[in-house]
Amino acid sequence: MISVNNFKTGLTVEIDGELWRVVEFQHVKPGKGSAFVRSKLKNLRTGAIQEKTFRGGEKINQAQIDRKKMQYLYADGTNHVFMDTTTYEQLELPEESIKDELKFLKENTIVSVIMYGSETLGVELPNTVDLVVSATEPGIKGDTASGGSKPATMETGLVVQVPFFVNEGDTLTINTVDGTYISRA
């Protein structure tokens, strides 16, 4: 059990049999009446976001979430295979459950697989990944005065806005949180 006064962003709680992650929270102490905590929670099974208000000091169950370091091996039809790096045990995840993460995943990438008991909830990517540019328009000499950008398709199919000096075959560091270009690798 954990008090709602101890909420932190990223904390996982169990409410009515569902798993929720705290996205944001705010302690409110009105001039009249008792304090309360206004929170925004994300359902880990469905991805739905819900706003919920708790009375100050209310106790709720904290969910025990495990993170296992696993290596992405390959795609097998509509499933994707991951291997535990310590026990060499393999785990298959359906494409629908990790659709957004697949844009950043290439073979042999080490990720954290989020587990609740024996149920797999999803994949947590590293903050940055290095991907190779598979297609982009060539930069035109003298076209850098505005400091603009152009679209580049990465090896995983992800499209990123990059500076004009980036060419096909370059390896770039990409932010996995918002899918933006950081630098050349």
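Residues numbered from 1 in each chain as written. Predicted model: local features only at pLDDT ≥ 70, side-chain atom pairs only at ≥ 80, totals over all residues. Heavy atoms only, no water.

## Quick word on the domain arrangement of the protein
Using the following cut-off: Annotation comment: domain bounds sourced from an automatic or database domain assignment. It only takes one pair of heavy atoms within 4.5 Å for two residues to be counted as in contact. Buried area: the accessible area, evaluated with a 1.4 Å probe, that two parts lose upon being put together, summed over both parts.
Under the domain assignment, the protein is made up of domain 1 (2-62), domain 2 (65-124) and domain 3 (128-184). If you average the C-alpha positions of domain 2 and of domain 3, the two centres end up 26 Å apart. Every contact between the two is made by five residues of domain 2 and, on the other side, ten residues of domain 3. Summing both partners gives a buried area of about 580 Å² for domain 2 against domain 3, and 69% of it is carried by carbon and sulfur.

## Some thoughts on the side chain of His80
Quick note on the threshold: Helix and strand assignments come from DSSP, with helices taken as H or I runs of at least 4 residues and strands as E runs of at least 2, each series counted from the N terminus. N or O atoms closer than or at 3.5 Å make up a polar contact, with two conditions inside protein: a donor-capable atom paired with an acceptor-capable one, and, for residues adjacent in sequence, both atoms drawn from side chains.
By secondary structure assignment, the location of His80 is in strand 8 (residues 79-84). Within the local environment of His80, its side chain forms a polar contact with the side chain of Glu95, the two groups lying 3.5 Å apart. Residue contacts for His80: discarding those within four places in its chain leaves Tyr72, Tyr74, Ala75, Leu91, Glu92, Leu93, Glu95, Ile98 and Leu102.

## Re unusual backbone geometry
Selection criterion: Partly exposed residues are those whose accessible area sits between 20% and 50% of the maximum for their type, while under 20% is buried and over 50% is exposed, using a 1.4 Å probe and protein chains only.
Residue Asp16 is not a glycine yet carries a positive backbone phi of 55 degrees. Its location among the elements puts Asp16 in the loop between strand 2 (12-15) and strand 3 (18-28). Although it is not a glycine, Tyr88 sits at a positive phi angle of roughly 60 degrees. Positionally, Tyr88 belongs in the loop between strand 8 and strand 9 (90-94). For Tyr88, a relative accessible area of 60% translates into the label exposed.

## What to know about the sheet that holds strand 13 (residues 149-154)
To keep things clear, this is the line we draw: Two strands pair under a simple rule: DSSP has to find at least two bridges between them. Angles shown run from 0 to 180 degrees and are taken between the N-to-C directions of axes, each axis being a line fitted to C-alpha atoms and, for helices, limited to the stretch in contact.
As summarised here, the arrangement of the five strands in space is 14-13-12-15-16, forming an open sheet in which the pairing is antiparallel. Only two strands of the sheet have a single partner each, and these edge strands are strand 14 (159-163) and strand 16 (181-184). Across the sheet, the axes of successive neighbouring strands diverge by a mean angle of 50 degrees, strand direction being ignored. Judged from the three bridges that link them, strand 15 (residues 171-175) and strand 16 form a sheet pairing that is antiparallel. From the neighbouring strand, Thr173 faces strand 16, where its bridge partner is Ser183.

## Focus on the packing of aromatic side chains
Convention followed: In this analysis, rings of Phe, Tyr and Trp, with Trp reduced to its six-membered ring, are considered paired at centre separations within 6.5 Å, and the interplanar angle assigns stacked below 30 degrees, edge-to-face beyond 60, and tilted for intermediate values.
Within this structure, the stated rule accounts for three aromatic pairs. The interplanar angle of 85 degrees and the centroid separation of 5.7 Å between the aromatic rings of Phe7 and Phe54 together place this pair among those described as edge-to-face. Of this pair, Phe7 sits in the loop between strand 1 (2-3) and strand 2 while Phe54 sits in strand 5 (residues 49-55), and the two are 47 residues apart along the sequence. We note that Phe7, like Phe54, is buried. Here Tyr72 and Phe82 contribute two aromatic rings whose centre-to-centre distance is 5.3 Å and whose plane-to-plane angle is 55 degrees, an arrangement assigned as tilted. With a gap of ten residues between them, Tyr72 in strand 7 (residues 66-76) and Phe82 in strand 8 connect regions that are remote in the sequence. For the pair formed by Tyr72 and Phe82, the shared burial category is buried. In this structure an aromatic cluster arises from ring pairing among Phe7, Phe25 and Phe54.

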